[in-house]
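Observations on chain architecture
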Amino acid sequence: MKGRDVRPILAQQSIRELNLTGRDYKQVVDAACFAVFQEGYKDGFGADGDHLKVEADIEMALDLGFTMLTLDCSEKIDNTVEGTSEAEQEAKYAKLPESVRDHYESRYLNQSFQAAGTTITFDRPTLIKNVLIYAAAIDFMEHIYDTYIKNAGRAIDFEISIDETATPTAPESHFFVAKELYSRGLTIYSMAPRFCGEFQKGIDYIGDLEQFEKELVIHAGLADDFGYKLSIHSGSDKFSVFPVIGKYTKGRFHVKTAGTNWLEAVRTVAKVNPSLYRKMHQYALDHFEEATAYYHVSTDLSKVAPLDQVADADLADTYMNEDNARQLIHITYGILLQAKDDQGRSLFKDEFYRTLSEQEEAYEQSLISHIGKHLDLLGK
């Protein structure tokens, strides 16, 4: 990060990741702070309570001094609305309290707004659909802001995650959420919409690049109009879309990349401790289905080269440069780090960390190269 126009979030884990790795938030922030002191890094960094949705977890993160909170609204967003008919949506809408319907209708119904260089209009079906999908989530955002962010006694970067939806976030939906938040007195630091295409773990963007650019122009414009950053979740390795993200956000973005630090660690191990890598790879294959309960990936294991056909010297390039193998190793991180033998001893974790400690400079160079590629393409 030194010499680049960025501020890294060095402590950034979700509760799911903590559960899968057997860590807690205090360990995460302590490890990041120690690394900063070790390297003499003085350019500023953050700590993000990532994808939090339970109030006790939010309180814990803020009490530990976290500087950022990413609010996961997935459980408050109604994904059952998408795909239902207008008549069904109208019937569901009619069951909402009259005060709620009056509030939204008085503010949006049959009104047009100029934003992001385009016109956004809410006819009745569009308004009903957005109210049904997002109204409860907006109330939740307001509650968290008023209860915790406003009363933190210090500045907190408040990020809203609305990317956990059944379909891509439409421009009017992005505008609707932002407009409603700001009208209620909230100030947010960044927002993560759901983009078209797929942002799967550890591999490049899957989808129509032209359509992505077309939609990104509006999402970036809306963020600019309201004054917050556009956030790109599961941003690791999305090399094909980084240049347009850097361009249209004018460099004001938050890209989450934490997962591939793990893959670069595994790459290092594959180079310097091939026998350990082989054991981890086989264990990951044997337990891959367990990991898919936590992550959506399109991995085709039949395309992963058999271990007995790959020489030690070729392990890193064969597996860490191939999408299916990357995803295999990526999503099994928790299973690998928590694996134990019959006596309760670590199968891989202790040797894995010992190898990284002994080969710290090799791991460092892998990270510099990999994260450096991210930043170069983002224009930083």
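The preceding data block contains the structure.
Structure report, in brief. None of these values were measured; they are calculated from a predicted model.

1. What about the overall build of the protein?
Secondary structure assignment for the protein yields 17 helices and 9 strands. Over its C-alpha trace the protein gives a radius of gyration of 22 Å, about what one expects of a compact globule, namely 21 Å for 380 residues. Along the longest, intermediate and shortest principal axes, the C-alpha atoms of the protein span 65 × 45 × 45 Å. Across the 380 residues that make up the protein, the buried fraction comes to 48%. Nonlocal contacts in the protein, meaning residues at least 24 apart in sequence, comprise 73% of its contacts between residues at least 6 apart.

2. A few points about the pairing of strand S2 (residues 46–52)
Of all 7 residues in S2, 7 are buried; the element is thus mostly enclosed. Two elements, strand S1 (residues 9–14) and S2, share 5 bridges in a ladder whose sense is parallel. Bridging across to S2, Ala11 finds its partner in Ala47. Both S2 and strand S3 (residues 68–72) contribute to a ladder of 3 bridges, which runs parallel.

3. Side note on the nonpolar core
With 73 residues, the main nonpolar core has Met141, Phe158, Ile160, Phe176 and Phe212 as its most contacted residues. Considering each element in turn, this core owes the most residues, 15 residues, to helix H6 (residues 124–149). Residues in contact with Phe176, not counting those within four places in the same chain, are Tyr104, Tyr108, Phe122, Leu127, Asn130, Val131, Tyr134 and Ile138. One finds Leu263, Ala270, Val297 and Leu328 within the second-largest nonpolar core, a separate group that totals 35 residues.

4. Here we look at the side chain of Thr299
Within the element layout of this structure, Thr299 appears in the loop between helix H12 (288–291) and helix H13 (315–320). For Thr299, a relative accessible area of 16% puts it in the buried group. For Thr299, the residues in contact, after removing those within four places along its chain, are Phe288, Asn324, Gln327 and Leu328.

5. Describing the pattern of salt bridges
Applying the stated criterion to the full structure yields 23 salt bridges. One salt bridge connects Asp146 with Lys150, and the closest N-O pair in it is separated by 3.5 Å. Of the residues examined, Asp146 reaches a relative accessible area of 29% and is grouped as partly exposed. Judged by its relative accessible area of 53%, Lys150 is exposed. Among the ionic contacts, a cluster of salt bridges with common partners joins Arg107, Asp139, Glu142, Glu180 and Arg184.

6. Focus on the sheet that holds S1
Taken together, the 7 strands give an open sheet; going across it, the order is S1-S2-S3-S6-S7-S8-S9, and neighbouring strands pair in parallel fashion. Single-partner strands in this sheet number two, and they are S1 and strand S9 (253–255). The mean inter-strand angle of the sheet, taken between neighbouring strand axes irrespective of direction, is 20°. Helix H7 (residues 171–183) rests against strand S6 (157–161), strand S7 (190–192) and strand S8 (229–232) of the sheet, and its axis sits at about 150° to S7.

7. Description of a negative patch on the surface
A cluster of acidic side chains, namely Glu39, Glu360, Glu361 and Glu364, defines a negative patch on the protein surface. Per-element accounting of the negative patch gives the leading share, 3 residues, to helix H17 (residues 360–377). Mapped onto the fold, Glu364 is located in helix H17. The class of Glu364 is partly exposed, set by a relative accessible area of 32%.

8. Structural notes on the packing of H6 against H7
Direction vectors running N to C along H6 and H7 enclose 45°, while the axes themselves pass 10 Å from each other. On the basis of the axis angle, H6 is oblique to H7. When the axes of H6 and H7 are compared, the crossing they make is right-handed. Only Glu172, Ser173, Phe176, Val177, Glu180 and Leu181 of H7 make contact with H6, whose side of the interface consists of Thr126, Leu127, Asn130, Val131, Tyr134, Ile138 and Met141.

9. Things to note about the packing of helix H4 (residues 86–94) against H6
Interhelical geometry of H4 versus H6 gives an angle of 60° and a closest axis separation of 10 Å. In terms of orientation, H4 and H6 fall into the oblique class. Crossing angle aside, the handedness with which H4 passes H6 is left-handed. In this structure, H4 contributes Glu86, Gln89, Glu90, Lys92 and Tyr93 to the contact, and H6 contributes Arg124, Pro125, Ile128, Lys129, Val131 and Leu132. Considered class by class, the residues forming the contact of H4 with H6 number 5 nonpolar, 1 polar and 5 charged.

10. Describing unusual backbone geometry
With phi around 60°, Asn110 is a residue other than glycine that occupies positive phi space. With respect to the secondary-structure elements, Asn110 resides in the loop between helix H5 (98–108) and strand S4 (111–115). Given a relative accessible area of 58%, Asn110 falls into the exposed group. Its identity as a non-glycine residue notwithstanding, Ser234 has a phi of 50°, on the positive side. Its place among the elements puts Ser234 in the loop between S8 and helix H9 (242–248).

What counts, and where the lines are drawn
Residues numbered from 1 in each chain as written. Predicted model: local features only at pLDDT ≥ 70, side-chain atom pairs only at ≥ 80, totals over all residues. Heavy atoms only, no water. Helix = DSSP H or I, 4+ residues; strand = E, 2+ residues; numbered from the N terminus. Rg over C-alpha atoms; globule rule 2.2 N^0.38 Å. Buried < 20%, exposed > 50% of the residue type's maximum accessible area, 1.4 Å probe, protein only. Contact = heavy atoms within 4.5 Å. Pairing = 2+ DSSP bridges. Core = buried A, V, L, I, M, F, W, Y, C linked by side-chain atoms within 4.5 Å. Salt bridge = Lys/Arg side-chain N within 4 Å of Asp/Glu carboxyl O. Axes fitted to C-alpha atoms, helices over the stretch in contact; angles between N-to-C directions. Patch = residues over 30% accessible without salt bridge, like charges linked within 9 Å, V, L, I, M, F, W, Y side chains within 5 Å. Areas by Shrake-Rupley, 256 points an atom, 1.4 Å probe, with all protein chains shown as cover. Lys, Arg positive; Asp, Glu negative; His and termini not counted. Charge placed at Lys NZ, Arg CZ, Asp CG, Glu CD. Parallel < 35°, antiparallel > 145°, perpendicular 65-115°, else oblique. Left-handed = near helix turned anticlockwise from the far one by under 90°. Nonpolar A, V, L, I, M, F, W, Y, C, P; charged D, E, K, R; others polar.

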